[in-house]
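Examining the three-dimensional arrangement
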Amino acid sequence: MSALIDLHGTAMAEFDRRVKSVSLTDWALETPCADWDVHDLVNHLTTEQLWVPHLVAGARMEEIGDRFDGDNLGEEPVATWELAAREARTAWLAPSSLEATVHLSFGDAPAELYLWQMTFDLTVHAWDLARALGADEALDADLVENVYTWAQGQGFGESNVYAGIFDEPVAVAEDAPVQERLIALTGRRP
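Along each chain, numbering runs from 1 in the same order as the chain's sequence is written. Since the coordinates come from a predicted model, pLDDT governs what is reported: local features require at least 70, and pairs of side-chain atoms require 80 or more to be given and counted, while whole-chain, interface and lining totals use all residues. Excluded from the side-chain calculations are hydrogens and water; all other atoms, namely the structure's heavy atoms, are used.

With that settled, the discussion passes to the pairing of strand 1 (residues 101–104). Only strands that DSSP links by at least two bridges are regarded as paired with each other. Runs of H or I in DSSP of at least four residues are treated as helices and runs of E of at least two as strands, each being numbered from the N terminus. Two strands pair when backbone bridges link them, and strand 1 and strand 2 (residues 107–110) are joined in this way by four bridges, in the antiparallel orientation. The partner of T101 across the bridge, within strand 2, is P110.

What follows deals with the confidence of the model for the chain. For every residue, the predictor assigns a confidence score, pLDDT, that lies between 0 and 100. Mean pLDDT over the chain stands at 92; residues scoring 70 or higher make up 95%. Taken element by element, the predicted model of the chain shows its lowest mean pLDDT in helix 3 (residues 61–64) (88) and its highest in helix 4 (residues 77–93) (98).

Relative to the helices and strands, N43 is located in helix 2 (residues 38–56). Taking relative accessible area as the criterion, N43 reaches 11% and is therefore assigned buried. In this analysis, two residues are considered to be in contact whenever any of their non-hydrogen atoms come within 4.5 Å of each other. Beyond its immediate chain neighbours, meaning those up to four positions away, N43 contacts G70, D71, N72 and L73. Think of it in three bands: with a 1.4 Å probe and only protein chains considered, a residue is buried below 20% of the maximum accessible area for its type, exposed above 50%, and partly exposed in between.

Looking now at the nonpolar core. Core analysis: the largest hydrophobic core is formed by 58 residues, its most contacted members being F15, V42, W81, W92, Y114, F120 and L129. Contributions of two or more residues to this core are made by helix 1 (2–19), helix 2, helix 4, strand 1, helix 5 (111–133), helix 6 (141–153) and helix 7 (178–185). A total of 13 residues in this core trace back to one element, the largest contributor, which is helix 5. Apart from residues no more than four positions distant in its own chain, L129 is found in contact with F15, R18, V19, V22, V38, L41 and V42. In this description, a nonpolar core means a group of buried Ala, Val, Leu, Ile, Met, Phe, Trp, Tyr and Cys residues linked to one another through side-chain atoms lying within 4.5 Å.

Attention now goes to the side chain of T46. Mapped onto the elements of the fold, T46 is located in helix 2. Classification of T46 by relative accessible area gives buried; the value is 0%.

Time to look at the pattern of salt bridges. Between Lys or Arg on one side and Asp or Glu on the other, a salt bridge is scored when a side-chain nitrogen of the former is within 4 Å of a carboxyl oxygen of the latter. Under the counting rule described, the total for this entry stands at seven salt bridges. Across the pair D16 and K20 runs a salt bridge whose closest N-O atoms are separated by 3.0 Å. One salt bridge in this structure joins R188 and D128, with 2.6 Å as the shortest N-O distance. Residue R188 is located in the segment after helix 7, and its partner D128 is located in helix 5; the two are separated by 60 residues in the primary sequence. Take R188: its relative accessible area is 8%, and that puts it in the buried class. Classification of D128 as buried rests on a relative accessible area of 0%. Among the ionic contacts, a cluster of salt bridges with common partners joins E14, R17 and R18.

What follows deals with the environment of L45. Position of L45 among the secondary structure elements: in helix 2. For L45, a relative accessible area of 0% corresponds to the buried category. Measuring from C-alpha to C-alpha, the distance between L45 and M118 comes to 9.1 Å, with 73 residues separating the pair along the chain. When near neighbours in sequence (up to four residues on either side) are disregarded, L45 contacts F15, W81, D121, L122 and H125.

Now the structure itself:
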């Protein structure tokens, strides 16, 4: 399990590095995510991090309600991201975090599945943010390899498990680099 915790830390760092490079004039740039600009993308990931401490502690979604709806970035978006990310990471580093059952929108799930989903989202969206900013898109190779393997095991690109969340996979060569195959699984053009 510590390997997954480490992968999550790497994914968090990949996204964090790119958030910290967003300049004042970048927030309205388009991203590979349909209908999202940079602000929307960072708000999405920040909001996800705000949920983590509550869900890992056993809260149910209805208890949290609409507390995190809307724009959570406020006047200091980078600082808000940093605080949310730190709190989420702290929750995951708690000794019993992966033993929990989390109450998600689709039902109860092991915390390990939730952590994989969070790691996946941070990884893919780190690439999205890099693409939007015209920054270095290369992600940590070990992270990409592990997230790609997990995604394949979850049926990405082969079933309707994640229908509506991601676009249809984009075709890439079978011998394409793993990062290209991962990005393509989510309907993005590498």
